[in-house]
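# Descriptive structure summary
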Amino acid sequence: MISKTAEYALRAVTCLAADTDKPLSADVLAEKTKVPRRYLTRVMQDLATAGLVSSRSGPGGGYELAHEVSDLTILDVVNAVAPLERINSCPLGLTSHTSLCPLHAELDRAYAATEAAFAAVTISKLLSSTSSIVPLCEDTE
C-alpha cells in the first residue's frame, strides 16, 4: 500500500519521537529502525526538506523532530517522502473519459479513504497505544 521509502520514513520519525532527549545520529537511527544507512540518509534529507525533521552536524549532532508529535500525522510523513497519488483524470489519457470511469473512481475513493485514515493518526497516538508491542523495540522479556 505504501512505498518502502514511506515505511522507512515512518520508522525513523517514530524512533525520533520515542527518543526526544537528544538528536539521533544516522548510525543510531539506522540500527534502531533496521533501515540501510545510505537509504536512511536520503529519507532523512527528504524529511528535512519537508520541514519535519532538523539536523545538526558535528559532535552531539544528528536528527530530531521539528514538530510536536501530537501535530505530526502518518499522512504528513508519507506525503513528505512518497505522496499518495490521487486519480484526477483518466490514467489512460482517453479523451472520451471526461470524468473517471467506475474503476478509477473506486480506486480514487480507496486512496481518499487511505489519506483520511493516515491523517487521523498522529505519531503521538502510535506511541501512546495500549498495545503491549512497542514500536521499533524487541520484546526483551
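Shown above is the structure to which this text applies.
Below is a short write-up of the structure.

Rules used in this analysis
- Residues numbered from 1 in each chain as written.
- Predicted model: local features only at pLDDT ≥ 70, side-chain atom pairs only at ≥ 80, totals over all residues.
- Heavy atoms only, no water.
- Helix = DSSP H or I, 4+ residues; strand = E, 2+ residues; numbered from the N terminus.
- Buried < 20%, exposed > 50% of the residue type's maximum accessible area, 1.4 Å probe, protein only.
- Contact = heavy atoms within 4.5 Å.
- Areas by Shrake-Rupley, 256 points an atom, 1.4 Å probe, with all protein chains shown as cover.
- Lys, Arg positive; Asp, Glu negative; His and termini not counted.
- Charge placed at Lys NZ, Arg CZ, Asp CG, Glu CD.
- Expected span 1.5 Å × (residues − 1).
- Salt bridge = Lys/Arg side-chain N within 4 Å of Asp/Glu carboxyl O.
- Pairing = 2+ DSSP bridges.
- Phe/Tyr/Trp six-rings, centres within 6.5 Å; stacked < 30°, edge-to-face > 60°.
- Lys NZ or Arg CZ within 6 Å of the ring centre and 35° of its normal.

## Examining the overall build of the chain
- Of the regular secondary structure elements, the chain holds 6 helices and 2 strands.
- Reading the helices (α) and strands (β) of the chain from amino to carboxyl end gives α-α-α-β-β-α-α-α.
- Of all 141 residues assigned to the chain, the portion counted as buried reaches 35%.
- A fraction of 64% describes how many contacts in the chain between residues 6 or more apart in sequence connect residues 24 or more apart.
- For the chain, the accessible area works out to roughly 8800 Å², and carbon and sulfur atoms hold 52% of it.
- In the chain, which carries 12 positive and 17 negative side-chain charges, the distance between the mean positions of the two groups comes to 6 Å.

## A few points about helix α5 (residues 102-119)
- For α5, built from 18 residues, the straight-helix expectation of 26 Å at 1.5 Å per residue is met to within 8% by its first-to-last C-alpha distance of 26 Å.
- Looking only at α5, the buried set comprises H104, A105, D108, T114, E115 and F118.
- Buried positions along α5 lie against α4 (74-81).

## Structural notes on the pattern of salt bridges
- Considering all chains together, one arrives at 6 salt bridges under this definition.
- The partner of E7 in a salt bridge is R11, with the nearest N and O atoms 2.9 Å apart. You can see E7 and its partner R11 sitting in helix α1 (residues 4-18), 4 residues apart, about one turn around the helix.
- E7 gets classed as partly exposed once you look at its relative accessible area, which sits at 33%.
- Of the residues examined, R11 reaches a relative accessible area of 22% and is grouped as partly exposed.
- The partner of E106 in a salt bridge is R109, and the shortest N-O contact between them spans 2.5 Å. Of this pair, E106 and R109 both sit in helix α5, separated by 3 residues, roughly a single helical turn.
- Judged by its relative accessible area of 47%, E106 is partly exposed.
- On the accessibility criterion, R109 (49% relative accessible area) is partly exposed.
- Salt bridges linked by common partners bring R86, D108 and E115 together as one network.

## Quick look at the pairing of strand β1 (residues 53-56)
- Sheet topology note: the β1/strand β2 (residues 62-65) ladder contains 4 bridges and is antiparallel. Among the inter-strand pairings, S55 is bridged to a residue of β2, identified as Y63.
- Connecting the antiparallel pair β1 and β2 is a turn made up of 5 residues, with G58 showing a positive phi of about 95°.

## So, unusual backbone geometry
- One non-glycine residue, K34, lies in the positive phi region at around 60°.
- With respect to the helices and strands, the residue K34 is situated in the loop between α2 (26-33) and α3 (37-49).

## Details of the packing of aromatic side chains
- Counted by the stated rule, this structure contains 1 aromatic pair.
- Ring centres of Y8 and Y39 lie 4.9 Å apart, and the angle between their planes is 85°; on these two criteria the pair is classed as edge-to-face. Residue Y8 is located in helix α1, and its partner Y39 is located in helix α3; the two are separated by 31 residues in the primary sequence.
- The residue whose ring lies beneath R42 is Y39, and the NZ or CZ to ring-centre distance is 4.8 Å.

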